[in-house]
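# Structure at a glance
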Amino acid sequence: MDPVLLNDWHVVARSADIKLGTLTKARLLDIDLVMWRNSDGQIQVWQDRCPHRSIRLSEGQIVNDTVVCSYHGLVFDKVGHCISAPAHPDYKPPKQACVKTFKAQEKHELVYASLGEPVVDIPAFPEWKDPSYRLCLCGPYPCHTSGLRAIENFLDVSHFPFVHSGTLGDSSQTAVEDYTVSVDNEGVALHNVRVWQPDPDGQGQGEFVIYNYRVFRPLTAYFRKETLTGNCLSILFHVTPVAEEECVGWMWIAMNYAHDIPIEAMEQFQNRLISEDFVLLASHNPKHLPLNMQMEFHLPCDRGSLAYRKWLKQLGLSYGAINPSL
């Protein structure tokens, strides 16, 4: 297991989708998970496997703050210990008769899980508590490619005129101006990425906008887009590594303008953009992201994705990547 991603936080569900009395399935890093909420309101994230005969616990049921396996009726308390085996009413299960449990927490109305020991906190969303911004949660967005490819696409503005023509880009304005990149203890940052957009804030007029990106973790990125009039749109993008070539995207969008636009319209617009991206992302060959800088050639405007790849290689990341140093 890749220690970089193992010891990180990943989104596995919306908080609202984990309800009392319900077992919910997910998958993370090729591990099947089952999630449920106990009577204290806390989220439990377990391996979806009964330790007795390896049946999926998600096929069972919740009874009085316990999970009951559908196969032999074994009962597991809220910390995963087996407390009852109906075939032997007086039997006291041994300590090793327990489900593998994982760390979980809720933030930004999302459920985050870690299969290891998280080394950093979940990144903050700067606009989260700013009352001048409207918030919209979009996703889940499944895609058959490495999650690293999805993050790299998020950093790429040169595809806008071709993949998102008429919305994020204009086929008559394809040039990408120079911008700067920095790498520090908080990840990779792209500064002052200037892009022409046909109608960046719904005013019906094209103009140049400025993007500033930050990659906090290998699969968590953020950008803030500002127009000349001071309108701002920010996105916090999480990509869940379901498998090496399968991922799920989740987006929090914040806007300090166009407050009359219904949330449903904001979500539909984002759904359109993501579908345009993910159709192409699924066509990658290879789907793994190459960390050998010679495997794919690069344009000057790719300096952001190059810095991202070099940073991943320095971290020693291997899951979903082609890393020649490992």
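Residues numbered from 1 in each chain as written. Predicted model: local features only at pLDDT ≥ 70, side-chain atom pairs only at ≥ 80, totals over all residues. Heavy atoms only, no water.

This paragraph deals with the packing of helix α2 (residues 147-155) against helix α5 (residues 303-315). Look at α2 against α5: their axes get within 9 Å of each other, and the N-to-C directions meet at 145 degrees. Relative to α5, the crossing made by α2 is right-handed. On the side of α2, the interface is formed by L148, R149, I151, E152 and L155, while α5 contributes G304, S305, Y308, R309 and L312. Its residues placed into classes, the contact of α2 with α5 shows five nonpolar, two polar and three charged. (Axes fitted to C-alpha atoms, helices over the stretch in contact; angles between N-to-C directions. Helix = DSSP H or I, 4+ residues; strand = E, 2+ residues; numbered from the N terminus. Left-handed = near helix turned anticlockwise from the far one by under 90°. Contact = heavy atoms within 4.5 Å. Nonpolar A, V, L, I, M, F, W, Y, C, P; charged D, E, K, R; others polar.)

It is worth spelling out the pattern of salt bridges at this point. What the rule picks out here adds up to 17 salt bridges. In this structure, R56 engages D48 in a salt bridge whose closest nitrogen and oxygen atoms are separated by 3.4 Å. Classification of R56 as partly exposed rests on a relative accessible area of 36%. For D48, a relative accessible area of 5% puts it in the buried group. Between D178 and R303 there is a salt bridge, with its nearest N and O atoms 2.5 Å apart. Of the two residues, D178 sits in the loop between α3 (160-163) and β12 (180-184) while R303 sits in helix α5, which places them 125 residues apart along the sequence. (Salt bridge = Lys/Arg side-chain N within 4 Å of Asp/Glu carboxyl O. Buried < 20%, exposed > 50% of the residue type's maximum accessible area, 1.4 Å probe, protein only.)

Once that is clear, we can look at the sheet that holds strand β6 (residues 66-68). Pairing in this open sheet of four strands is antiparallel, and the strands run β5-β6-β7-β8 from one edge to the other. Two strands in the sheet have a free side with no partner beyond their single neighbour: β5 (61-63) and β8 (82-84). Bridge count between β5 and β6: three bridges; the pairing is antiparallel. Bridging from a neighbouring strand, Q61 pairs with V68 of β6. (Pairing = 2+ DSSP bridges.)

Moving on: the side chain of E152. Locating E152 in the fold gives a position in helix α2. Filtering out sequence-adjacent residues up to four positions away, E152 remains in contact with L289, S305, Y308 and R309.

Right, let's talk about the packing of aromatic side chains for a bit. Tallied over the entire structure, the rule returns 13 aromatic pairs. When the centroid spacing of 6.3 Å and the interplanar angle of 45 degrees are considered together, the rings of F216 and Y222 count as tilted. Grouping aromatic residues by their ring pairs yields a cluster made of F154, F160, Y211, Y213, F223 and F237. For the cation-ring pair, R194 lies above F208, with the distance from its terminal atom to the ring centre recorded as 3.8 Å. (Phe/Tyr/Trp six-rings, centres within 6.5 Å; stacked < 30°, edge-to-face > 60°. Lys NZ or Arg CZ within 6 Å of the ring centre and 35° of its normal.)

Now for helix α4 (residues 263-281). Taking 1.5 Å as the rise per residue, α4 with 19 residues should run 27 Å; its terminal C-alpha atoms sit 26 Å apart, in good agreement. Looking at α4, one finds that the buried residues are M266, Q270, L273, I274, D277, F278 and L281. The buried residues of α4 all sit within an arc of 130 degrees when viewed along its axis, so they share a single face. Counted as exposed and oriented over 90 degrees from the buried face of α4: E264, Q268 and V279. Where the residues of α4 are buried, they touch β11 (134-143), α2, α3, β16 (232-243) and β17 (246-255). (Expected span 1.5 Å × (residues − 1). Arc of directions from axis to C-beta.)

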